[in-house]
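Residue-level listing of the chains:
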Amino acid sequence: WLERQDPSGRVYYFNPAKRETSWHRPEKIISSGALQSAGDRNGEWVARQDPRSGRTYYYNATLRQTSWTNPDEEAAQAALKANQGAVKRLSVNLAAGAQDAGKRLSTGLKRMSQALTGGATAGMNRNSARYSIGLPQTPVNKTEARMSIKLGGDINYGEEGRLSFRGENGEDPFAALKALKNQGIMPENDQEKQKELEKYLKINLDDMCRGITDDIKSTTSFRVYASENFNTRQKVKLVGGGGQLDLGKMTMWQGTNIKQPLHLMSDKNMNYDALLAFKNILFFCGDKNSKKLMEFHAQIFLATGAASSDELHDELICQLIKQANNNPGTKSLQRVWMLTAMSCGSFKCSKSFLPYLESHLKSGAEASHDDEVKKYARYAMLKLKKAWEHEPRLEVPCYDEILSIMEYQPYSIAVSLVNSTVINMDVDSWSTIADVNHAIAYRLNIEDGIPFTCFEMNEDDMERVLDDDDRILDVLAYWDREVTSKQTKRYTPEYRFLYKLRLFFDISEEDTSAVELAYYQAVFDVNDSRYPCTEEDAIILASLEAQEKFGDYDGSDVFGENVGAYVPAKYYNEETKDELKRKIYDQYQQLAGYDSFACKVNYLDYVKAWKYYGSAYYFAEPITNKIFGKEFPKEVVLGVNAKGVLIIDPGTLDLLQEFPYSEIVTWGFSAKNLVFVVGNLVRSRKMFFETEEGVEINSLIYAYVNKLMTVGDNMIKDEGAGDMDM
């Protein structure tokens, strides 16, 4: 329960999970002071600041969504005005079959959110004391990439399961266009906005690092830490017999290998890792000669810290501090600080050691006489602060990331759109997929970026949804590792980021940029045979695409030899292409005078009428071959879209069963299984499937059901539901 105030200033209490309000103080309340820290954990929308623009946005870790406005505040105000009985009836309708339907649905969604934010995340064992030096074996990706399933192949697909664009009485198929004929709703170019957008996609390290150490008050001494924690009583060979190490020497630079770790390690197996790490510091800094590249030694050092515990993290950071103290070589000293910046962005030290590290970085940034040292000390502090705002990284930095740090440059990535446009933007070790999604939506002037996200695409047309909390540079490091392990003389894996629709919600026509992006994706999906469509569908859609692209038909052959690119492959034949073009041109002529945006809107209206539109497809195996008395094949395709769940025969592409969300009582998943409970208030039944993609299926259903509930609440508000009983 969250404490809120109505417009009159009166305090009330709002529960965002149940979407309920109360004038009476509940037993457990999240105060405004604790909300920021508890928000990610409890599913609230938490305010964050975009590092590039400084603009505040809101992030919900449970839903893995971002928003420029605070949906919790909006929902609280809506719930305050909405009629509680009406909201409950909506919940009953969505969760038919439960005695307390609103409670059941809330519990089901909460359980799904816990699975999303907890058990779904695979991480490496960070407490192992011994491992093979190299790259961690657990990659950043949490789900396997999947092949795009195309249901628009060469198959006889009848009228059933499709809503025709042309009405039963043969009315004009383009009637909807005429209402938009004279609307000029495309936004004008705003030069000031463009300047801000460019700043938004660039990281200026000097600006971000300026004053970064001002708020560090700690003046803790590294030598004091060493006197309390270093293993000064380790056995050493001295002239005349045994003894103990000199603390001063243990905290100062040395150009030869250390014989024992600086700390007394709790596990002897970590001794080898610590000694190897120090050796790679010497190689990277040029204190010892090596035939390997500098970035190779940096990567091995970072790999040592990536898959270890805080104990070894502290050891590695102390080694770097040791090598920065009284280092006689200018280049060696600068490289120590480069490696320190890399380390601060790759793994965390313990909380108890953090003040000593901050004091060291502050000293380097303010007291050093070397400008390069100052620069990298500030950069290390920036990375340190950002690292503590996120979960630990899951990958070791790749060579390109290491080189960008050595050059004191952010890493530049390219993100493709479905219309082949490429957006270039800067990222760093702290940048997440959510940050990139947010930046691209801002760059494209998309008002509601929630339906869009970045996908990973490879050369085999396999795609994978990237989680909001994935680090961009972890994804790139994973790609680098995949290329290294799978590359042959004849084959090199290729990967790219693709920003596109994931959640096919209705898009407001006022959000013109979102409409345009959705249009280009619909064109690609239709022509790529991802949806079943008739030849009539294909011809009408091709004419809309032509009008949007070429303007009014002037009698010329605008398609030329490329007409096959405007229709699904099964409708293109070299022998009949002229007849195909004639049919498209006949429809094309009817669109004279209609603008580009009108064509896009109506193209989307057309395809949204299909049952399959917006479906994400997943292979699954029914536990039993009979569901509701119907014989099912051993393997089916589950289609999840904004309307519900489809069960499709992958052999014939027949629609075997469909369940709108109003008929799904609840659902759940495990590592290998997925279950739906479908029915109504009187009768419900379970359907079990074996699938490895339950996490992604659950995530989609959760998002769509949550959207339906939000829309339902808004409908109640718009219809003027009564105020809450005082």
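Residues numbered from 1 in each chain as written. Predicted model: local features only at pLDDT ≥ 70, side-chain atom pairs only at ≥ 80, totals over all residues. Heavy atoms only, no water.

Draft legend 1. Here's a closer look at the overall build of the protein chain. Assigned secondary structure in the protein chain consists of 23 helices and 21 strands. The buried share of the protein chain, taken over its 726 residues, is 53%. Within the protein chain, contacts between residues separated by at least 24 positions form 68% of all contacts whose residues are at least 6 apart in sequence. A total accessible area of about 34,200 Å² is found for the protein chain, and carbon and sulfur atoms account for 47% of it. (Helix = DSSP H or I, 4+ residues; strand = E, 2+ residues; numbered from the N terminus. Buried < 20%, exposed > 50% of the residue type's maximum accessible area, 1.4 Å probe, protein only. Contact = heavy atoms within 4.5 Å. Areas by Shrake-Rupley, 256 points an atom, 1.4 Å probe, with all protein chains shown as cover.)

Draft legend 2. View of the nonpolar core. Counting residues in hydrophobic clusters, the biggest one holds 104 residues, and the most contacted among them are Ile-413, Phe-497, Tyr-499 and Phe-676. Setting aside anything within four residues of it in sequence, one finds Ile-413 in contact with Ile-423, Asn-424, Met-425, Val-427, Val-436, Ile-472, Leu-476 and Phe-497. Ala-226, Ile-258, Ile-317 and Ala-377 belong to the second-largest nonpolar core, a separate cluster that totals 65 residues. (Core = buried A, V, L, I, M, F, W, Y, C linked by side-chain atoms within 4.5 Å.)

Draft legend 3. Here's a closer look at the packing of helix H12 (residues 310-324) against helix H13 (residues 330-344). Remark: H12 packs on H13, axes separated minimally by 9 Å, with the N-to-C direction vectors making an angle of 160 degrees. Looking at the two axes, H12 sits roughly antiparallel to H13. Crossing geometry of H12 relative to H13 is assigned as left-handed. Of the residues in H13, those in contact with Ile-317, Leu-320, Gln-323 and Ala-324 of H12 are Leu-333, Val-336, Trp-337, Leu-339, Thr-340 and Ser-343. Taken together, the residues of the contact of H12 with H13 sort by class into 7 nonpolar, 3 polar and no charged. (Axes fitted to C-alpha atoms, helices over the stretch in contact; angles between N-to-C directions. Parallel < 35°, antiparallel > 145°, perpendicular 65-115°, else oblique. Left-handed = near helix turned anticlockwise from the far one by under 90°. Nonpolar A, V, L, I, M, F, W, Y, C, P; charged D, E, K, R; others polar.)

Draft legend 4. Region of interest: the pattern of salt bridges. Applying the stated rule across the entire model yields 28 salt bridges. As a salt-bridge pair, Lys-672 and Glu-692 come within 2.8 Å of each other at their nearest N and O atoms. Placement of the pair is Lys-672 in the loop between strand E19 (664-669) and strand E20 (673-679) and Glu-692 in the loop between strand E21 (684-690) and helix H23 (694-718), with a sequence separation of 20 residues. Each member of the pair, Lys-672 as well as Glu-692, is classed as exposed. Because the salt bridges share partners, they merge into one network encompassing Asp-461, Glu-463, Lys-500, Asp-525, Asp-528 and Arg-530. (Salt bridge = Lys/Arg side-chain N within 4 Å of Asp/Glu carboxyl O.)

Draft legend 5. Local environment of the packing of aromatic side chains. One pass over the structure, following the stated rule, counts 26 aromatic pairs. Here the aromatic rings of Phe-676 and Phe-689 are separated by 6.3 Å at their centres, their planes lie at 70 degrees, and the arrangement is edge-to-face. With Phe-676 in strand E20 and Phe-689 in strand E21, this residue pair connects regions lying 13 residues apart in the sequence. Cluster of aromatic residues (ring-pair linked, three or more members): Phe-550, Tyr-553, Phe-559, Tyr-566, Tyr-585 and Tyr-588. In this structure, Lys-292 is placed above the aromatic ring of Phe-296, and the distance from its NZ or CZ to the ring centre is 5.1 Å. For the cation-ring pair, Lys-500 lies above Phe-455, with the distance from its terminal atom to the ring centre recorded as 4.6 Å. (Phe/Tyr/Trp six-rings, centres within 6.5 Å; stacked < 30°, edge-to-face > 60°. Lys NZ or Arg CZ within 6 Å of the ring centre and 35° of its normal.)

Draft legend 6. Geometry of the sheet that holds strand E17 (residues 644-648). With respect to topology, 7 strands assemble into an open sheet ordered E18-E17-E16-E13-E21-E20-E19, the strand pairing being antiparallel. On the outer flanks of this sheet lie strand E18 (655-660) and E19, each paired with one strand and no other. Across this sheet, the average inter-strand angle for adjacent strands is 30 degrees, counted without regard to direction. As judged from the 5 bridges shared by E19 and E20, these two strands associate in the antiparallel manner. (Pairing = 2+ DSSP bridges.)

Draft legend 7. Broad picture of the side chain of His-390. In this structure, His-390 sits in the loop between helix H15 (371-387) and helix H16 (399-406). In this structure His-390 comes out as buried when scored by relative accessible area, which is 19%. Looking at His-390, its side chain comes within polar contact range of the main-chain oxygen of Trp-430, at 3.5 Å. With residues up to four places along the chain from it excluded, the contact list for His-390 reads Lys-348, Trp-430, Thr-432 and Arg-471. (Polar contact = N/O pair within 3.5 Å; in protein donor to acceptor, adjacent residues only side chain to side chain.)

Draft legend 8. Helix H18 (residues 472-486), seen in detail. Its 15 residues place the ends of H18 21 Å apart at the C-alpha level, agreeing with the 21 Å of an ideal helix rising 1.5 Å per residue. All of the buried residues in H18 are Ile-472, Leu-473, Asp-474, Val-475, Leu-476, Ala-477, Tyr-478, Trp-479, Arg-481 and Glu-482. (Expected span 1.5 Å × (residues − 1).)

Draft legend 9. Region of the structure containing the environment of Val-678. By the element assignment, Val-678 lies in strand E20. Accessibility expressed as a relative area gives 2% for Val-678, which makes it buried. Along the chain, Val-678 and Pro-660 lie 18 residues apart, while their C-alpha atoms are 9.4 Å from each other.

Draft legend 10. Quick look at the packing of helix H10 (residues 269-285) against H12. Following both chains from N to C, one finds H10 and H12 inclined at 30 degrees, their axes separated by 10 Å at the closest point. The orientation of H10 with respect to H12, classified from their angle, is roughly parallel. Handedness of the H10/H12 crossing: right-handed. Residue-level contacts link Met-270, Asp-273, Ala-274, Ala-277, Phe-278, Ile-281 and Leu-282 of H10 to Glu-311, Leu-312, Glu-315, Leu-316, Gln-319, Leu-320, Lys-322 and Gln-323 of H12. Within the contact of H10 with H12, the residues separate by chemical class into 9 nonpolar, 2 polar and 4 charged.

Draft legend 11. Main features of the pairing of E20. Of all 7 residues making up E20, 5 are buried, and the element is well covered by its neighbours. Counted along the chain from E19 to the antiparallel partner E20, the turn is 3 residues long. Where E20 and E21 come together, 7 bridges link them in antiparallel fashion. From the neighbouring strand, Gly-679 faces E21, where its bridge partner is Ser-684. Hairpin connection between E20 and E21: a loop of 4 residues separates the two successive antiparallel strands.

Draft legend 12. Region of the structure containing the side chain of Glu-295. Considering the arrangement of structural elements, one finds Glu-295 in helix H11 (residues 294-306). The charged side chain of Glu-295 is buried without a salt bridge, its nearest counter-charge being Arg-335 at 9.3 Å. (Lys, Arg positive; Asp, Glu negative; His and termini not counted.)

Draft legend 13. Representation of the pairing of E18 in the model. As judged from the 5 bridges shared by E17 and E18, these two strands associate in the antiparallel manner. Bridge pairing links Gly-644 to Pro-660 in E18. Once E17 ends, the chain turns through 6 residues before running back antiparallel as E18, passing Leu-653 with a positive phi of about 65 degrees.

Draft legend 14. Representation of the environment of Glu-366. Here Glu-366 lies in helix H14 (residues 354-367). The partly exposed category is assigned to Glu-366, whose relative accessible area is 44%. Separated by 12 residues in sequence, Glu-366 and Arg-378 have C-alpha atoms that sit 9.0 Å apart. Setting aside its immediate chain neighbours within four residues, Glu-366 contacts Thr-213, Asp-214 and Lys-374.

Draft legend 15. Highlighting the confidence of the model for the protein chain. The pLDDT averaged across the protein chain works out to 78; a share of 69% of its residues lies at or above 70. When the elements of the protein chain are averaged for pLDDT, helix H3 (residues 84-94) gives the smallest value, 29, and H13 the largest, 97. Long-range and interchain partners of residues 31-42, a stretch whose pLDDT sits below 50, account for 16 contacts in this model, where long-range means more than four residues apart. The low-confidence segment residues 715-726 (pLDDT under 50) makes 22 contacts with residues lying over four places distant or belonging to another chain. (pLDDT = per-residue confidence, 0-100.)

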